[in-house]
Amino acid sequence: MTHRISRYAAIAVGVVALTGAGVTPAHAVSGPIQSFTFTGTALTAVNEYSYFPLGPIIPLPVSISRLVDGSAQVVASGKGVVQYQCNGAAINTYTANGVVLSVPCG
């Protein structure tokens, strides 16, 4: 009986070796992570680079700017994730990561 089991095991190993099944490495999903969102009380900008699944997440410089009379004024800056808390309900235009948002955030 053990001879028959070992023969089946050898056949299974041969099939896997010939087809390449089970030996293909998983491809890593990595790259820039960028977003600029408004939640009703805060603006959040994210600028990171991920070496997922095995590597680190590297925070990159990011800033949030308010457009006033056509020129940008930085209201928050840092690395990785930056938040700007809203102080009112006036509609203003903000930019970060190349995205423009006009939101009720004074």
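One can find the structure itself at the top, above this paragraph.
Residues numbered from 1 in each chain as written. Predicted model: local features only at pLDDT ≥ 70, side-chain atom pairs only at ≥ 80, totals over all residues. Heavy atoms only, no water.

*Asks:* Explain the overall build of the chain to me, please; I cannot follow it from the model alone.
*Replies:* Across its full length, the chain holds one helix and seven strands. Ordered by position in the sequence, the α and β elements of the chain form the string α-β-β-β-β-β-β-β. Counting the 106 residues in the chain, one finds 23% classified as buried. Long-range contacts, defined as pairs at least 24 residues apart, comprise 36% of the intrachain contacts of the chain with a sequence gap of at least 6. Accessible area of the chain: about 7,200 Å², with a carbon and sulfur share of 62%. (Helix = DSSP H or I, 4+ residues; strand = E, 2+ residues; numbered from the N terminus. Buried < 20%, exposed > 50% of the residue type's maximum accessible area, 1.4 Å probe, protein only. Contact = heavy atoms within 4.5 Å. Areas by Shrake-Rupley, 256 points an atom, 1.4 Å probe, with all protein chains shown as cover.)

*Asks:* Mind showing me how you'd approach the packing of aromatic side chains here?
*Replies:* Two aromatic rings are characterised by how far apart their centres lie and by the angle between their planes. On inspection of all chains with the given rule, the structure shows two aromatic pairs. Summarising the aromatic geometry, the rings of Tyr84 and Tyr94 are spaced 5.8 Å apart at their centres and angled 45° between planes, so their arrangement reads as tilted. One end of the pair, Tyr84, is in strand β5 (residues 71-85); the other, Tyr94, is in strand β6 (residues 91-96), and 10 residues separate them in sequence. In this structure Tyr84 comes out as buried when scored by relative accessible area, which is 13%. (Phe/Tyr/Trp six-rings, centres within 6.5 Å; stacked < 30°, edge-to-face > 60°.)

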